[in-house]
Amino acid sequence: MTETRLPPGQKAIPHFPVLQFGSVPQIDIANWRLHIWGEVVQPVELDLDTIYNLPQTEKTLDLHCVTRWTNYDTHWSGITLQTLIDEGLLELKPSAKFLIQHAPGYMSNLPMSVAMAENFLLATHYEGQPITMEHGAPLRGLPGAIPGHGDLKDVYLWKGAKWLQGLQFTAEDEPGYWERRGYSMEADVWKEQRYAEKE
Ligand SMILES: Nc1nc2c(c(=O)[nH]1)N[C@H]1C(S)=C(S)[C@@H](COP(=O)(O)O)O[C@H]1N2
Ligand SMILES: [Mo]
């Protein structure tokens, strides 16, 4: 296919930078839980063993950071929101329209249509190894692009929270960490929605 993989304003680089606001948080993996709440029938807390024992999904994704680097063909595995639904761990109310990912000192918002799509993973492993602390262990929200799937919405990497510890489902959209600082609520990489449009 001649279709380009590189969104406008991006540059493909061969390495995977570490990037976050502030320092790497201290995470006590043994006592770590994923909290799920909001517009759900039953709030739950999942430990890492439970997540590791769910059916795993593998994805090869192109990552696009708003600071203009792109990393092609990164390999990840983990679970999806659909996995949680299929395994009876998550039942959304019809009022659930947005997913807010929570991490220590960080939040990011996505519409359910993007969070439920096949290019959004709750990732535990990168290139066959558990995700390192710097890259968001033990679990990170991960939006990436699947080349050739022009039907999927592709958003910038800030729309996935490293050190994910909470999934909150809401009826109304809520700005996350970067969105509160002027970044786009939508963040479509092909439309270069880096910053929010001025009113
Ligand atoms: N918790 C948390 N998640 C985060 C961020 C952050 O500052 N804190 N930064 C986001 C941004 S802007 C990017 S580009 C990616 C960087 O992921 P990496 O460090 O694995 O490259 O994490 C995203 N998720
Ligand atoms: Mo980023």
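See the structure shown above.
Because the structure is predicted, anything quoted here is derived from the model rather than measured.

Draft legend 1. Just the overall build of the protein, in detail. A tally of regular secondary structure across the protein gives three helices and 11 strands. Mapped from its N terminus to its C terminus, the protein presents α and β elements in the order β-β-β-α-β-β-α-β-β-α-β-β-β-β. For the protein, the C-alpha radius of gyration of 16 Å lies close to 16 Å, the compact-globule estimate for 199 residues. Buried residues in the protein amount to 50% of all 199 residues.

Draft legend 2. Main features of the environment of Gln42. For Gln42, the position within the fold is in the loop between strand S2 (34–38) and strand S3 (44–46). By relative accessible area, Gln42 is classed as exposed at 55%. The spacing of Gln42 and Ala103 is 61 residues in sequence and 21 Å in space, taken between C-alpha atoms.

Draft legend 3. Focus on the site of ligand 1. Not every one of the 18 residues close to ligand 1 is listed here, only the nearest: Pro17, Phe21, His135, Arg140 and Lys162. The contact in question runs from a nitrogen atom of ligand 1 to an N or O atom on the backbone of Gly160, over 2.7 Å. At 2.4 Å from an oxygen atom of ligand 1 is found a side-chain nitrogen or oxygen belonging to Lys162. For ligand 1, the protein covers 98% of the area, taking 530 Å² as the surface of the free molecule. Broken down by class, the residue content of the shell around ligand 1 amounts to 13 nonpolar, three polar and two charged.

Draft legend 4. Highlighting the sheet that holds strand S7 (residues 106–111). One open sheet holds the five strands; their spatial order is S3-S2-S11-S6-S7, and the pairing between them is mixed. Strands with a single pairing partner mark the edges of an open sheet, and in this sheet they are S3 and S7. Between one strand axis and the next, the sheet turns by 20° as a mean value, whatever way the strands run. Pairing between strand S6 (residues 98–103) and strand S11 (residues 166–170): five bridges, direction antiparallel. Counterpart to His102 in the pairing with S11 is Gly166.

Draft legend 5. Structural detail: the nonpolar core. In this structure, Leu34, Ile36, Leu81, Leu84, Leu122, Leu167 and Phe169 are the most contacted members of the largest nonpolar core, which totals 37 residues. Taken together, the elements giving at least two residues each to this core come down to S2, helix H1 (48–52), helix H2 (81–86), S6, S7, helix H3 (112–115), strand S8 (120–126) and S11. Beyond its immediate chain neighbours, meaning those up to four positions away, Leu167 contacts Leu34, His35, Ile36, Trp37, Leu81, Leu84, Leu99, Ile100 and Leu122. If you look at the next biggest cluster of nonpolar residues, it comprises 15 residues, including Ile13, Ala117, Leu152 and Leu157.

Draft legend 6. Focus on unusual backbone geometry. The linkage connecting Ala137 with the following residue, Pro138, adopts the cis geometry, with an omega of 0°. Looking at the element boundaries, Pro138 is found in the loop between strand S9 (129–130) and strand S10 (140–143). Phi is positive for Arg68, close to 95°, though the residue is something other than glycine. With respect to the secondary-structure elements, Arg68 resides in the loop between strand S4 (57–64) and strand S5 (69–79). Under the relative-accessibility criterion, Arg68 is labelled partly exposed at 41%.

The rules behind the values
- Residues numbered from 1 in each chain as written.
- Chains lettered and ligands numbered in written order.
- Predicted model: local features only at pLDDT ≥ 70, side-chain atom pairs only at ≥ 80, totals over all residues.
- Heavy atoms only, no water.
- Helix = DSSP H or I, 4+ residues; strand = E, 2+ residues; numbered from the N terminus.
- Rg over C-alpha atoms; globule rule 2.2 N^0.38 Å.
- Buried < 20%, exposed > 50% of the residue type's maximum accessible area, 1.4 Å probe, protein only.
- Near = heavy atom within 4 Å.
- Polar contact = N/O pair within 3.5 Å; in protein donor to acceptor, adjacent residues only side chain to side chain.
- Areas by Shrake-Rupley, 256 points an atom, 1.4 Å probe, with all protein chains shown as cover.
- Nonpolar A, V, L, I, M, F, W, Y, C, P; charged D, E, K, R; others polar.
- Pairing = 2+ DSSP bridges.
- Axes fitted to C-alpha atoms, helices over the stretch in contact; angles between N-to-C directions.
- Core = buried A, V, L, I, M, F, W, Y, C linked by side-chain atoms within 4.5 Å.
- Contact = heavy atoms within 4.5 Å.

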